[in-house]
Amino acid sequence: MTIKTQVKSLLLAGLIAAAATPGRATPIDVRFLPPDIEIPKSAVCAPRIRDEDMIADWSKWDRKSLAKRDIYATMRDMNRLRDIDAKRFEPILSRMQELLPTIKSNYTETDALFDKVKLMLALGQSDEVRKQGLVQNLLVSKDHSAGSLNTLSNYLIEGRGIDADRTAGLNLKIKAAYDGNAEAILDLAKLNKNGEKIENWDIEPELAVNMAFGSLVGVLDQGICDRIGRVAREYDGGEIVKSDPAISVAWYRFAADLGDSYSAWKVSEYNLLSEKVPKDNAVLVKYITLAAAGGNIAAILELGKMYEEGSLVERDRNSAMHYYTVAAKAGSQAGLVRLAQLLEKTKDSSPQDSSAYEAILRELTTRDNPPAWAFTRLARIIQARDGIWQSEQQVRPLLEKAVENGDAEGEIDLADLLVQNEPSPAAIASSTDLLTHAIQNSGNINALAKLQRVYLCIAPNGPNVAAASFWSKVEDGAGNRTIELKPEQIEALPTLKDPMIIAAIQTRALYGRPSAIAMYQRYLSTAGYSNQVLKFWEERAEVQRGAVVEAVLLDFKQNIEKGRLAEAKQSIRLTSEAMSIDAGINFTRFLVENYASDKDSVQLAEEILLPLAKEGYGQAVKLLEELEGGQTKETLPARKRYAERMRQNGDMFAQLILAEDAADEPSRHFFYQRAIGSQRCSYDDIMSLAEFAMRFYPSDTMRWLATAKYLAGDDAGRQVKIGDMYLSLGTPQSVQMALKLYEKARQVGETTAFYRLVKYYAFTGSGAYDPKIASDIFVDMIQHSDVASVPAKLLMLDKMKPEIRRQVGLQINVRGIYERSAKAGQPVAMRELAKLMRSDPKEKGSAARAFAWLKQAAETGESESMYLLSQSYAFGIGTKPSLEEAQLWMRKAAEAGYPEAAHMLMLTKAGTEG
């Protein structure tokens, strides 16, 4: 039995199994299923390609001849081109019709006239067709196929190219239906379903639909998949039969098995959406692979995404790259975009990927409708490679193109670029316009901080606090402001149970802020959340650049806070190669300050600093100089070695180094302006600018200090540092500002603020010295201090003038404080109490008690106590003299770093040797 015979037999069985219709007003309930036949091993269907690919192929056709290998595909393309845009493709269509007889031997004059009429009607020339009587001429012909009869019937019913005659049109449609034309049968069944009685047509709608579908399927020829698609579409949203997506999928699967890639994609699409049929992953993977192999671009892109993400198939970046490349080579812009997005993840770690990424961006920017972001990303690539200071001529046109095409990120980057070299009023005006537009038209919340930066830190006339505050409040409302919490505050989050703070951190973590992700992970782990929740955020941290390093940096800061230097050092070793700049600087500064004599630590610091210095980061260059100890015989100082890179790509700190080393004032001012244009409007950056201005541009110092004061907010420690700079300026105005800042910091208990105020009123010269104020502040400091810190603070009193000591003594019992602290185990208090006792000969037994306190303090390792204890043993103060014990404690004091002890041992040794 041939395949043709099998199909006809099975279709007949389908007719018999048809269900009865429940009523004419409802869709016809017919379950017409694909035949159960043996699928040919080779593809049957003529392959379909995307409209854009077909259009591209025919647009470059030389119009000399038609390929003879695929008549069906040529005819299908001609009809598709006519339906898409007859006017646009009229020259191509006319030439195709002229050449059809050369490839289709049975192409008659009637066929040619039919194609001419179809084209004229598609061109809107219905009146001309009527005038020439072309449809009438076709009606006269007697040898029409069933399909042609149905087309003519539609012309008569609709009055296209001929006067309308519905009765004659229906008669032709009935003839076409009886001749087996599926569309005619379905049209008549639809009329019957809607309650219209058609004369000479008495076939029940259920049977008619089966006849139509059977006629559509017909035989296994090149057009069968196109016809099957008609059946599938009718079962999913058609107008005649009852909707049944499962049957629609079954027909699409049948067509896909016959070799139709479009139908394979439809099966995949049903399963991907899983809205109308239950999702079957095995079916999805099978048919999306078939669709991709057949060149279906949508399937190729989706399969590439599946390999990229590891969903349903094992994650395979190379396979993802392959499919995206296939799509891109086929002319798909989406393929290029996917390639760019995939390469963006690895461009920083792979020079090869970086080069490929740039090439794809350049190709995207040459497209007719390029994605706006491609211009911005390309500009950033060029900046990173050529340096931000030497790439402006290439970068600016790209960013302007990005802005022209509506990319908000491009607006932000262009705004930065405009104020980068010379923050003039005109540049600032353009920059703020761009940033405001990015906020208002695109809702880009990152522009909020940038706008504050311009108003607060770039404006040449000093900070515009009102404007900066306005945008700061907007940023607060958007929930985008960076949250800065100290390590101990983060540790306390689970016990505080403050939902507003937790929600704020979570919001910023969801935005992708690395520091917020690190904080939120720490909170979740200490608050006892499930492993599933922790795993979710762990995976999010892995894909968010910098989040893992931020988590390690958080560990590092907590270890520093708790004095765990060894653990802090270990935190550094846990970082990845993708260390952030700020983390690298934090880590290496710690190593330089605490482990400069340790060879391994110096090597680790250099490993972190060298890549950063090579990129032109000024802080890294300075730290390298500290490690290297300045110029050596072998190499130039770091600032000389990396000067060129700092000129090309250096950050604010690098520009300040170049300004310091400038040979003349114009050069210094040039680099100083660059520093202003590249600073991040952070407290540290602004303080560095203030320190530089104090040395070279004193008139600018007040400007930067005013900005720093705003950025410091309620941070008392920062307020004291700013106050120190104001005080060093020495003007009446700056001194008063310093005192206000000290007083503000004092109100929240900042120890250094007390010290600064006491020092100012107790030790300075004429006009400032005030023993009453100094003593009152000192007493206030002691009363607000914890027991552990009081003894060290009381030492300051010894250096003050007698009048201040007297007034302090009237308000607090110094000796009593030392006694309480000593009993609480404070070594310094023990030592100072012993010194007071030794200086009071009137007190009975004071020398012995002093010795006891000194011995207890010395045994804790307190160096000065060791030295004093040695003296007590040497001279028999409060104990029996013992040269051996005196020498022992003198050595211990020297080993603990007490300078007088080391000096005494040196003299003793010299005397012995002499």
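Please read all numbers here as calculations on a predicted model, not as lab measurements.

We now examine the overall build of the protein. Assigned secondary structure in the protein consists of 52 helices and zero strands. When each of the 914 residues of the protein is scored for burial, the buried share is 46%. Nonlocal contacts in the protein, meaning residues at least 24 apart in sequence, comprise 55% of its contacts between residues at least 6 apart. Total accessible area on the protein stands at roughly 45600 Å², and carbon and sulfur atoms take up 51% of it.

The next subject is the pattern of salt bridges. Counted under the stated rule, the structure contains 50 salt bridges. With a closest N to O distance of 3.2 Å, D353 and R317 form a salt bridge. Residue D353 is found in helix 18 (residues 351-365), and its partner R317 is found in helix 16 (residues 317-329); the two are separated by 36 residues along the sequence. Overall, D353 belongs to the buried group, its relative accessible area being 13%. D386 is the partner of R385 in a salt bridge, and the nearest nitrogen-oxygen pair spans 3.0 Å. Judged by its relative accessible area of 41%, R385 falls in the partly exposed class.

So, on to helix 18. For helix 18, with 15 residues, the first-to-last C-alpha span of 21 Å sits near the 21 Å given by 1.5 Å per residue. Along helix 18, the residues that are buried comprise D353, Y357, E358, I360, L361, L364 and T365. For helix 18, the arc enclosing every buried residue in end-on projection is 165 degrees, short of the 170-degree limit, so these residues lie on one face. Every exposed residue of helix 18 that faces more than 90 degrees away from the buried side is listed here: P351 and Q352. The elements touched by buried residues of helix 18 are helix 16, helix 17 (333-344) and helix 19 (372-386).

It is worth spelling out the nonpolar core at this point. Of all hydrophobic cores here, the largest spans 119 residues; its most connected members are V117, W201, V209, F213, Y235 and W251. Residue contacts for W251: discarding those within four places in its chain leaves F32, L33, P34, P35, V217, I228, V231, A232 and Y235. With 110 residues, the next largest nonpolar core counts L612, V621, Y697 and A762 among its residues.

Time to look at the packing of helix 12 (residues 245-257) against helix 14 (residues 281-293). Contact geometry of helix 12 with helix 14 gives a least axis separation of 11 Å together with a crossing angle of 40 degrees. Looking at the two axes, helix 12 sits oblique to helix 14. By crossing handedness, the relation of helix 12 to helix 14 is classed as left-handed. In contact with R253, A256 and D257 of helix 12, helix 14 contributes V283, K286 and Y287. Split into classes, the residues belonging to the contact of helix 12 with helix 14 amount to three nonpolar, no polar and three charged.

The next thing to look at is the packing of aromatic side chains. All told, the structure shown has 16 aromatic pairs when counted by the stated rule. Ring geometry for Y760 versus Y761: centroids 5.0 Å apart, planes at 85 degrees, classification edge-to-face. For the pair Y760 and Y761, a shared accessibility class is recorded, and that class is buried. Members of the aromatic cluster, joined through ring pairs, are F32, F213, Y235, W251 and F254.

The buried count for helix 37 (residues 652-660) comes to eight of nine residues, which makes it a mostly enclosed element. Every buried residue belonging to helix 37 is among M652, F653, A654, Q655, L656, I657, L658 and A659, and all of these are buried. Its buried side turned inward, helix 37 meets helix 34 (618-628), helix 35 (638-641), helix 36 (643-649), helix 38 (665-678) and helix 39 (683-696).

Conventions and cut-offs
- Residues numbered from 1 in each chain as written.
- Predicted model: local features only at pLDDT ≥ 70, side-chain atom pairs only at ≥ 80, totals over all residues.
- Heavy atoms only, no water.
- Helix = DSSP H or I, 4+ residues; strand = E, 2+ residues; numbered from the N terminus.
- Buried < 20%, exposed > 50% of the residue type's maximum accessible area, 1.4 Å probe, protein only.
- Contact = heavy atoms within 4.5 Å.
- Areas by Shrake-Rupley, 256 points an atom, 1.4 Å probe, with all protein chains shown as cover.
- Salt bridge = Lys/Arg side-chain N within 4 Å of Asp/Glu carboxyl O.
- Expected span 1.5 Å × (residues − 1).
- Arc of directions from axis to C-beta.
- Core = buried A, V, L, I, M, F, W, Y, C linked by side-chain atoms within 4.5 Å.
- Axes fitted to C-alpha atoms, helices over the stretch in contact; angles between N-to-C directions.
- Parallel < 35°, antiparallel > 145°, perpendicular 65-115°, else oblique.
- Left-handed = near helix turned anticlockwise from the far one by under 90°.
- Nonpolar A, V, L, I, M, F, W, Y, C, P; charged D, E, K, R; others polar.
- Phe/Tyr/Trp six-rings, centres within 6.5 Å; stacked < 30°, edge-to-face > 60°.

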